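This is what each chain is made of:
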Amino acid sequence: MYFDHAEGNVFRPPSEAYSFILRVTIGCSHNACTYCNMYRSVKFRTRPMDEIITQINAAKPYAQHIRRIFLADGNALVLSTDKLLTILTILQQTFPRLQRVSCYAGPKDMLNKTRAELIALREAGLKLVYYGLESGDEVVLRAVNKGVSAAEAIEAGQRIVAAGIKLSVMVIAGLGGKENSSRHANNTAQAINAIRPNMLSALTLMLYRGSELLDQFERGEFTPLPPAGIMGELYELVSGIELPLASHCLFRSTHISNHIALAATLPKDKDRLLDDIRAAQAQLAHVTDWDPYNNVE
Ligand code: SF4
């Protein structure tokens, strides 16, 4: 649900399908990750308050039905804390049944917020942050131009958790290609162990038209993993995840990019999840005519 005619495409996590999508920025302030083409067609800008209020007013007639609001586009935490607090306060006043506000956030913007600011945002209603960690490996993060080191990427996630905001982390299987698969899996597992997110989504790399990574592939500079290789990498990743017994991390690999759907709660279901991944790997080992673009148009 959104009420906006501004430029650019609107993206939201699958779990925000029934949320009011409030676009507080247009595009992504980083907009330079080599695997991503989501916001390449638009120039990044923050929305002035009048544009934000116009959207909120348009949603008012549905106030009794709005329980979740997602702040779009690519990294809402780029806004100043004062502006975010103003928006969150208006949302609480306008939507009496509101249960949670969530957003995507980039690591640089997470690092630019102090612990006190993040706690203030949580208290004002920001309950969930979706964070594209993608990899915990220095070499892979540099290769895909994520804009942060592995240490910074980890610290960014830790700050959200420490502030009591729920954290949903996304990683991309296959992002390091064949060459960096093992280090990508192992160092991403270590990053997850250090961050301890509430949710972990493992997507599979898709090569999007308009992304630098697709160009690198077509120039022969990047070798994607075959489907069974993706499962081998996932096995290595999940094997390395060691979360405290009392923790409860929802693992999902159910995105349209994934070859076989996988779901578990970690650490409780780790052994079963590893068995599922091994079974999926055996099943995919027979696939020889796989699409290296992974279903890109
Ligand atoms: S992956 Fe996220 S941070 Fe990177 S360019 Fe795309 S939207 Fe921006």
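Heads up: these notes are all about the structure in this document. Counting restarts for each chain, with residues numbered from 1 along the sequence as it is written. In keeping with the model being predicted, local features are shown solely for residues with a pLDDT of at least 70 and side-chain atom pairs are shown and tallied solely at 80 or more, while totals for entire chains, interfaces and linings include all residues. Neither water nor hydrogens contribute to the side-chain values; these are computed over all heavy atoms in the structure.

## What to know about helix H9 (residues 227–240)
Right, on to step 1. Helix length check: H9 (14 residues) gives 20 Å between terminal C-alpha atoms against 20 Å at 1.5 Å per residue, within 8%.
Right, on to step 2. Exposure categories follow from relative accessible area, calculated using a 1.4 Å probe and restricted to protein chains: below 20% of the type maximum is buried, above 50% is exposed, and the middle band is partly exposed. Counting from the N terminus, the helices are the DSSP runs of H or I reaching at least four residues and the strands are the DSSP runs of E reaching at least two. Every buried residue of H9 is accounted for by Pro 227, Ala 228, Ile 230, Met 231, Glu 233, Leu 234, Leu 237, Val 238 and Gly 240.
Right, on to step 3. Contact between two residues is taken to exist if any of their heavy atoms lie within 4.5 Å; hydrogens are not considered. Where H9 is buried, its residues meet strand E7 (166–173), helix H7 (181–195), strand E8 (199–204), strand E9 (249–253), strand E10 (262–266) and helix H10 (270–284). Expected span, for any helix, means 1.5 Å times one less than how many residues it has.

## Digging into the site of the ligand
Right, on to step 1. Proximity criterion: a residue is near a molecule or strand once any of its heavy atoms comes within 4 Å of it. Surveying the vicinity of the ligand reveals the residues Cys 28, Asn 31, Ala 32, Cys 33, Tyr 35, Cys 36, Tyr 39 and Lys 146.
Right, on to step 2. Under this grouping Gly is polar, as are all residues other than the nonpolar Ala, Val, Leu, Ile, Met, Phe, Trp, Tyr, Cys and Pro and the charged Asp, Glu, Lys and Arg. Across the shell around the ligand, the residue classes break down as six nonpolar, one polar and one charged.

## Quick word on the environment of Ala 280
Right, on to step 1. Residue placement: Ala 280 occurs in helix H10.
Right, on to step 2. Under the relative-accessibility criterion, Ala 280 is labelled buried at 2%.
Right, on to step 3. In sequence terms Ala 280 and Gly 232 are 48 residues apart; their C-alpha atoms lie 9.4 Å from each other.
Right, on to step 4. With near-sequence residues (within four places) excluded, Ala 280 lies in contact with Met 231 and Ile 260.

## With respect to the pairing of strand E4 (residues 68–72)
Right, on to step 1. Taking burial as the measure, the five residues of E4 include four buried ones, the bulk of the element.
Right, on to step 2. Here, strands pair whenever DSSP counts at least two bridges between them. Across four bridges, E4 lies against strand E5 (residues 100–105) in parallel orientation. By the bridge assignment for E5, Phe 70 is matched with Ser 102.
Right, on to step 3. Between the parallel elements E4 and E5, the chain passes through helix H2 (residues 81–94) in a crossover that is right-handed. By definition, the crossover connecting two strands over a helix is right-handed if that path, from the first strand to the second, turns clockwise as seen with the strands pointing away from the viewer.

## What to know about the pattern of salt bridges
Right, on to step 1. Just to be clear on terms, a salt bridge is a Lys or Arg side-chain nitrogen sitting within 4 Å of an Asp or Glu carboxyl oxygen. A complete count under the given rule lists 17 salt bridges for this structure.
Right, on to step 2. One salt bridge in this structure joins Glu 51 and Arg 47, with 2.4 Å as the shortest N-O distance.
Right, on to step 3. Look at Glu 51 and you get partly exposed, because its relative accessible area is 23%.
Right, on to step 4. Judged by its relative accessible area of 3%, Arg 47 falls in the buried class.
Right, on to step 5. Residue Glu 221 pairs with Arg 219 through a salt bridge whose shortest N-O separation is 2.9 Å. In terms of burial, Glu 221 and Arg 219 fall into one category: exposed.
Right, on to step 6. One salt-bridge network, held together by shared partners, links Asp 4, Glu 7, Arg 23, Arg 45, Arg 47, Glu 51 and Asp 73.

## Description of the packing of aromatic side chains
Right, on to step 1. By convention, a stacked pair of Phe, Tyr or Trp rings (six-membered ring in the case of Trp) has centres within 6.5 Å and planes under 30 degrees apart, an edge-to-face pair has planes over 60 apart, and any other such pair is tilted. Per the stated rule, a full pass over the model turns up eight aromatic pairs.
Right, on to step 2. Their ring planes at 65 degrees and their centres at 5.7 Å tell us that Phe 3 and Phe 20 sit as a pair that is edge-to-face. Taken together, the positions of Phe 3 in the segment before strand E1 (20–23) and Phe 20 in strand E1 put the pair 17 residues apart, joining distant regions of the chain.
Right, on to step 3. Looking at Phe 3, the relative accessible area reads 21%, which means it is partly exposed.
Right, on to step 4. For Phe 20, a relative accessible area of 1% puts it in the buried group.
Right, on to step 5. Ring geometry for Phe 217 against Tyr 293: centres 5.3 Å apart, planes inclined by 90 degrees, an arrangement best described as edge-to-face. Here Phe 217, found in helix H8 (residues 212–218), pairs with Tyr 293, found in the segment after H10; they are 76 residues apart in sequence, far enough to count as distant.
Right, on to step 6. An aromatic cluster is built from Phe 3, Phe 20, Tyr 62 and Phe 95, whose rings are joined through pairwise contacts.

## Points about the nonpolar core
Right, on to step 1. Counting residues in each nonpolar core, the largest one holds 72 residues, and the members touching the most others are Leu 22, Ile 69, Leu 71, Leu 77, Leu 91 and Phe 95.
Right, on to step 2. Looking at which element gives the most residues to this core, the answer is H9, with six residues.
Right, on to step 3. The residues touching Phe 95, leaving out its near neighbours within four places in the chain, are Phe 20, Ile 56, Ala 59, Lys 60, Ala 63, Ile 66 and Ile 69. Among buried residues, those of type Ala, Val, Leu, Ile, Met, Phe, Trp, Tyr and Cys that are joined through side-chain atoms within 4.5 Å constitute a nonpolar core.

Limitation: the analysis is restricted to geometry and does not speak to function.
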